[in-house]
Amino acid sequence: MKTPFFQLTTLSQSSLQDYIDCARRFKLRYLDRLSYPAVETEPTLENEKHLQEGEYFHRLVQQHLIGIPADHIDRLANTPNLQRWWENFQSFSRANLTNLTACLPEVTLSAPLGNYRLLAKYDLIAIENDKALIYDWKTYRKRPRSEWLSARMQTRVYRALLVKAGAHLNNGKPFEPEQIEMIYWFADFPNEPARFPYTSAQFKRDWDTLHKLTEEIASASDYPLTDDRQKCAYCTYRSYCERGIRAGNMDQAESEMEAESLFDVNFEQIGEIAF
Ligand code: SF4
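A few points on the structure. (Residues numbered from 1 in each chain as written. Predicted model: local features only at pLDDT ≥ 70, side-chain atom pairs only at ≥ 80, totals over all residues. Heavy atoms only, no water.)

### Brief notes about the overall build of the chain
Okay, so step 1: Per the secondary structure count, the chain includes eleven helices and eight strands.
Okay, so step 2: By residue count, 51% of the 275 residues in the chain fall in the buried class.
Okay, so step 3: When the accessible surface of the chain is split by element, carbon and sulfur atoms take 48% of a total near 13600 Å². (Helix = DSSP H or I, 4+ residues; strand = E, 2+ residues; numbered from the N terminus. Buried < 20%, exposed > 50% of the residue type's maximum accessible area, 1.4 Å probe, protein only. Areas by Shrake-Rupley, 256 points an atom, 1.4 Å probe, with all protein chains shown as cover.)

Here it is in structure tokens:
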């Protein structure tokens, strides 16, 4: 079935991850631009609250990193989750973010990739001497396996794009891959960050993969449903695909990090907070 698509000009780690996970989901979300018709996981209210708190936490950290004093933020961290995450963050920040050469929250980078622009919004790029550390805050309830994170498009796109488009953050000179490291920091597992240094060989592999993926997306006319029905349990488009009405249960899905990744926060989702 051929549908009139929106012209897609930008790709991000989220859209690429969706394409890899399920081409149909990519089509429904980014080409047909269907809104979210089904609850992704049960129990609904609890998950929605967790997602909102995750967004709010990102906003608090972001505001702190651009200069709002911690004691102004304290009163806004007003739920048990937010309090715990905020306290954990402050300890982490004191130990890791105080002697930086430059602290660059909320950086957006983009570069041409085939017929598209590849775009990424970073929680924080921290310059420490000649190293560029990419920080991403996660409010997952479970610490993911590092192997799972390593294969995610976010890990690959964020590091590669910093090489391609980060020269203005390095006195006009592109970062060497070996200068870059990506660090996921988990608000509920503050002492177990996942660290991913980078190499020139990895960068070449990533950029080649991104090019191939982009060409595939540009020429795609068929967007098959995934064969992995587990992915459908947490997908908002189940009803379109006749892959079940009931949402997957997050508790049953503890081993499924795909379910946890629903709590990923993009800056586009984050609303304003009055300080
Ligand atoms: S319900 Fe399943 S097949 Fe349909 S878009 Fe979601 S993941 Fe893909």
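After presenting the structure, the write-up continues.
### Overview of the pairing of strand 5 (residues 131–138)
Okay, so step 1: Of all eight residues in strand 5, seven are buried; the element is thus mostly enclosed.
Okay, so step 2: Here strand 4 (residues 116–128) pairs with strand 5 via five bridges, running antiparallel. Note on strand 5: the bridge partner recorded for Ile 125 is Ile 134.
Okay, so step 3: Turn length for the strand 4-strand 5 hairpin, with the two strands adjacent in sequence and antiparallel, is two residues, and the turn residue Asn 129 shows positive phi of about 55°.
Okay, so step 4: Relative to strand 6 (residues 180–186), strand 5 is paired through seven bridges, and the arrangement is parallel. Within strand 6, the residue paired with Lys 138 across the bridge is Phe 186. (Pairing = 2+ DSSP bridges.)

### Some points on the nonpolar core
Most often, soluble globular proteins have nonpolar side chains that are buried together.
Okay, so step 1: Counting residues in each nonpolar core, the largest one holds 48 residues, and the members touching the most others are Leu 16, Phe 26, Leu 118, Tyr 122, Leu 161, Leu 162 and Leu 210.
Okay, so step 2: Residue contributions to this core peak at eight residues, all from helix 7 (residues 153–165).
Okay, so step 3: The contact partners of Leu 16, leaving out residues within four places of it in the chain, are Leu 11, Leu 118, Met 153, Val 157, Leu 210, Leu 213 and Ile 217.
Okay, so step 4: Counting residues in hydrophobic clusters, the runner-up holds 22 residues, among them Leu 76, Ala 77, Trp 86 and Leu 100. (Core = buried A, V, L, I, M, F, W, Y, C linked by side-chain atoms within 4.5 Å. Contact = heavy atoms within 4.5 Å.)

### Quick notes on the site of the ligand
Okay, so step 1: By nearness alone, every residue bordering the ligand is listed as Cys 22, Arg 25, Leu 225, Thr 226, Cys 232, Cys 235, Tyr 237, Arg 238, Cys 241 and Arg 243.
Okay, so step 2: Classifying every residue of the shell around the ligand by side-chain character gives six nonpolar, one polar and three charged. (Near = heavy atom within 4 Å. Nonpolar A, V, L, I, M, F, W, Y, C, P; charged D, E, K, R; others polar.)

### Observations concerning the packing of helix 1 (residues 13–21) against helix 7
Okay, so step 1: Between helix 1 and helix 7, whose axes approach to 9 Å, the crossing angle comes to 140°. The pairing of helix 1 with helix 7 is recorded here as oblique in orientation. Between helix 1 and helix 7 lies a crossing of right-handed hand. Residues Gln 13, Leu 16, Gln 17 and Ile 20 of helix 1 touch helix 7, and the partners they reach there are Met 153, Gln 154, Val 157 and Tyr 158.
Okay, so step 2: Among the residues making up the contact of helix 1 with helix 7, the classes are represented as five nonpolar, three polar and no charged. (Axes fitted to C-alpha atoms, helices over the stretch in contact; angles between N-to-C directions. Parallel < 35°, antiparallel > 145°, perpendicular 65-115°, else oblique. Left-handed = near helix turned anticlockwise from the far one by under 90°.)

### Re the packing of aromatic side chains
Okay, so step 1: As enumerated under the stated definition, the model contains 20 aromatic pairs in all.
Okay, so step 2: With a centroid separation of 5.7 Å and 70° between ring planes, the pair formed by Phe 57 and Trp 85 is classed as edge-to-face. Of the two residues, Phe 57 sits in helix 3 (residues 44–65) while Trp 85 sits in helix 5 (residues 80–96), which places them 28 residues apart along the sequence. Each member of the pair Phe 57 and Trp 85 is classed as buried. (Phe/Tyr/Trp six-rings, centres within 6.5 Å; stacked < 30°, edge-to-face > 60°.)

### Some words on the packing of helix 1 against helix 2 (residues 23–31)
In a pair of packed helices, the angle between the axes and the distance between the axes together describe the arrangement.
Okay, so step 1: The geometry of helix 1 relative to helix 2 is characterised by a closest axis approach of 5 Å and an angle of 140° between their N-to-C directions. Comparing the axis directions of helix 1 and helix 2 gives the class oblique. Along its contact with helix 1, which presents Ser 14, Ser 15, Asp 18, Tyr 19 and Asp 21, the element helix 2 presents Ala 23, Arg 25, Phe 26, Arg 29 and Tyr 30.
Okay, so step 2: When grouped by side-chain class, the residues that make up the contact of helix 1 with helix 2 number four nonpolar, two polar and four charged.

### Focus: the environment of Ile 183
Okay, so step 1: Residue position: Ile 183 is located in strand 6.
Okay, so step 2: Not counting chain neighbours up to four residues away, the residues in contact with Ile 183 comprise Leu 133, Ile 134, Tyr 135, Asp 136, Pro 193, Ala 194 and Arg 195.

### Focus on the side chain of Arg 156
Okay, so step 1: Secondary-structure assignment places Arg 156 in helix 7.
Okay, so step 2: One polar contact links Arg 156 to Asp 206, side chain to side chain, over a distance of 2.8 Å. (Polar contact = N/O pair within 3.5 Å; in protein donor to acceptor, adjacent residues only side chain to side chain.)

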